Amino acid sequence: MTKLDRLIAAALLALALPATVHAQSGKELVIATTGGAQEQELRKHFYEPFEKATGIRVRPVSGAEAQTVARVKAMVTAGSVSWDIFQAGDIQSSSDEYRALTEDLGSFCEPLKGNDDLLPGACKPTGLLAAYGTTLLVYNDAKFPGRKPRSWADFWNVKDFPGPRSLPNFNDPWRVLAAALLADGVPVDKLFPLDLDRAFRKMDEIRPHVALWWKTGDQSVQGFRNGEYVMGMIWQTRASALRAEKQPLDWSQNQAVLVGDRWALIKGAPNRENALRFLKFYVENIEGQARRCEAQTCTPTSRKAAAMMSAEAQKALPLGPDVFGGLVVPDADWINANKTAMLNRWNAWLQQ
């Protein structure tokens, strides 16, 4: 039994317990995200204004992505859905696994087709784009007073940049393997299909120096605060939150991985109409998109929202022309087609 299977089994068992039955009021909406700083910004700029405008109470739930997916799958399988919307990665949202759990939003997207303010592909049957961001190399600036680490080759260079590292382990290993290949000299535009043999050989080199394999965004930033690592791969939204705390953190957008999140509507959502109202509100709340991405250094769905952000924030957007050429743009089709085999090999490698 895989870890995801165990999570699903546990979720199914929980659904069978009377104590977990949730009575819907008709005036609420349940949204699942990864929590942390992101949830705080969403509450401030979207949940609370939406509640004020509609009288619909937003009830957020949070957890690691694998746990969230397992819970959603268990709900849909059992026919006992108590959540309405969950945030899915842009790549994952187009997979067969996720499509089986979510409602097709083609009808919702139809009126938005002529909206030139939205980024291309902002609304798809798989979900509504929440924002674009990056997963990137961050480091403790105080630990490197001279030359700074600027590439994944530098991340692997423990001689010139000593200290413990941190890498994600949240059921989605392709970005770490891509970093390994970049560290081994593969050009950014030649990454896909990933050469897994070469990537794992390179992973063997860095493994003794990884002090933290983080599973949630909260864990990744707490590890930085606690000094568990001096360099790591984390989400830029989380890195921005750390910088706002006056942590001695800096980062490199060079070879950063471009990622996005989509709002997905769960099949059988008990508050479906409320969910659709929220998605419409999200698209139209341009100021909220600007303020949220100002705080988290993300790229909003709306071009007007991006223009409302400060000049400094706009310069840091991952889609800036001076940054985009060095980004890793994932091949979603390849990743989804190879997800199971890649994850099985990853888990076996971790257990060696």
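Report follows, based on the coordinates.

Basis of the calculations
Residues numbered from 1 in each chain as written. Predicted model: local features only at pLDDT ≥ 70, side-chain atom pairs only at ≥ 80, totals over all residues. Heavy atoms only, no water. Helix = DSSP H or I, 4+ residues; strand = E, 2+ residues; numbered from the N terminus. Rg over C-alpha atoms; globule rule 2.2 N^0.38 Å. Buried < 20%, exposed > 50% of the residue type's maximum accessible area, 1.4 Å probe, protein only. Contact = heavy atoms within 4.5 Å. Areas by Shrake-Rupley, 256 points an atom, 1.4 Å probe, with all protein chains shown as cover. Lys, Arg positive; Asp, Glu negative; His and termini not counted. Charge placed at Lys NZ, Arg CZ, Asp CG, Glu CD. Axes fitted to C-alpha atoms, helices over the stretch in contact; angles between N-to-C directions. Parallel < 35°, antiparallel > 145°, perpendicular 65-115°, else oblique. Left-handed = near helix turned anticlockwise from the far one by under 90°. Phe/Tyr/Trp six-rings, centres within 6.5 Å; stacked < 30°, edge-to-face > 60°. Arc of directions from axis to C-beta. Polar contact = N/O pair within 3.5 Å; in protein donor to acceptor, adjacent residues only side chain to side chain. Nonpolar A, V, L, I, M, F, W, Y, C, P; charged D, E, K, R; others polar. Disulfide = S-S within 2.5 Å.

### Digging into the overall build of the protein chain
Reasoning step 1: In terms of regular secondary structure, the protein chain is built from 18 helices and ten strands.
Reasoning step 2: For the protein chain, whose C-alpha radius of gyration is 20 Å, the value lies close to the compact-globule estimate of 20 Å for 352 residues.
Reasoning step 3: Its C-alpha atoms give the protein chain principal-axis dimensions of about 60 × 50 × 35 Å.
Reasoning step 4: Counting over 352 residues, the protein chain shows a buried share of 53%.
Reasoning step 5: Looking at the protein chain alone, contacts between residues at least 24 apart form 72% of all its contacts between residues at least 6 apart.
Reasoning step 6: Of the accessible surface of the protein chain, which amounts to about 15,300 Å², a share of 52% is contributed by carbon and sulfur atoms.
Reasoning step 7: Distance from the positive charge centre (42 side chains) to the negative charge centre (39 side chains) of the protein chain: 2 Å.

### So, the environment of Phe 200
Reasoning step 1: Mapped onto the elements of the fold, Phe 200 is located in helix 9 (residues 196-206).
Reasoning step 2: The exposure class assigned to Phe 200 is buried, which follows from its relative accessible area of 5%.
Reasoning step 3: Here the alpha-carbon distance between Phe 200 and Leu 265, two residues 65 residues apart in the chain, equals 36 Å.
Reasoning step 4: Phe 200 has contacts with Leu 177, Arg 345, Trp 346 and Trp 349, leaving out every residue within four places of it along the chain.

### A few points about the packing of helix 2 (residues 36-54) against helix 13 (residues 286-296)
Packed helices, taken two at a time, are described by the angle between their axes plus the distance between the axes.
Reasoning step 1: With their axes 9 Å apart at the nearest point, helix 2 and helix 13 run at an angle of 155° to one another. When the axis of helix 2 is compared with that of helix 13, the two are roughly antiparallel. Seen from above, helix 2 lies across helix 13 with right-handed handedness. Side by side, helix 2 and helix 13 meet where Ala 37, Gln 38, Glu 41, Leu 42, His 45 and Phe 46 of the first sit next to Gly 288, Gln 289, Arg 291, Arg 292, Ala 295 and Gln 296 of the second.

### With respect to the packing of aromatic side chains
Reasoning step 1: For the coordinates displayed, the defined rule picks out 23 aromatic pairs.
Reasoning step 2: Each ring, one from Trp 152 and one from Phe 155, has its centre 5.3 Å from the other, and the planes form 65°; the classification is edge-to-face. Taken together, the positions of Trp 152 and Phe 155, both in helix 7 (residues 152-156) and three residues apart, correspond to about one turn of that helix.
Reasoning step 3: With a relative accessible area of 1%, Trp 152 lands in the buried category.
Reasoning step 4: Residue class for Phe 155 comes out buried when judged on its relative accessible area of 0%.

### With respect to helix 9
Reasoning step 1: Burial in helix 9 covers these residues: Leu 196, Ala 199, Phe 200, Lys 202, Met 203 and Ile 206. Down the axis of helix 9, the buried side of the element spans an arc of 160°, and every buried residue falls inside it.
Reasoning step 2: Against helix 7, strand 6 (165-168), helix 8 (174-183), strand 7 (210-214), helix 17 (332-337) and helix 18 (339-350) lie the buried residues of helix 9.
Reasoning step 3: If you check the start of helix 9, you find a side-chain oxygen 3.4 Å away from the backbone N of Asp 197, and it comes from Asp 195.

### Quick word on the environment of Glu 110
Reasoning step 1: Turning to its location among the elements, Glu 110 is positioned in the loop between helix 6 (106-109) and strand 4 (123-124).
Reasoning step 2: Considered as a pair, Glu 110 and Cys 123 are 13 residues apart in the sequence and their alpha carbons are 8.7 Å apart.
Reasoning step 3: Side chain to side chain, Glu 110 and Lys 113 meet in a polar contact 3.2 Å long.

### Remarks on the packing of helix 8 against helix 9
Reasoning step 1: Orientation of helix 8 relative to helix 9, taken along the N-to-C sense of each, is 80°, at an axis distance of 8 Å. In terms of axis orientation, helix 8 runs roughly perpendicular to helix 9. In contact with Val 176, Leu 177, Ala 180, Leu 181 and Ala 183 of helix 8, helix 9 contributes Leu 196, Arg 198, Ala 199, Phe 200, Lys 202 and Met 203.
Reasoning step 2: Class assignment of the residues belonging to the contact of helix 8 with helix 9 gives a composition of nine nonpolar, no polar and two charged.

### A few points about the state of the cysteines
Reasoning step 1: Taken as a whole and assessed by the stated rule, the structure comprises two disulfides.
Reasoning step 2: Each disulfide pairs two cysteine sulfurs, and for Cys 109 the partner residue is Cys 123, the sulfurs being separated by 2.1 Å. When the S-S torsion is -75°, as for the bridge of Cys 109 with Cys 123, the disulfide is left-handed. Here the residue Cys 109 occupies a position in helix 6, and Cys 123 occupies one in strand 4, the gap between them amounting to 14 residues. The pair Cys 109 / Cys 123 is uniform in exposure class, with both members buried.
Reasoning step 3: One disulfide in the model links Cys 293 with Cys 298; its S-S distance is 2.1 Å. Handedness of the Cys 293-Cys 298 disulfide follows from its S-S torsion of about -95°: it is left-handed. Pair check on accessibility: Cys 293 and Cys 298 agree, each one buried.
Reasoning step 4: In the protein chain, the bonded cysteines, taken in the order they occur along the sequence, pair up as 1-2, 3-4.

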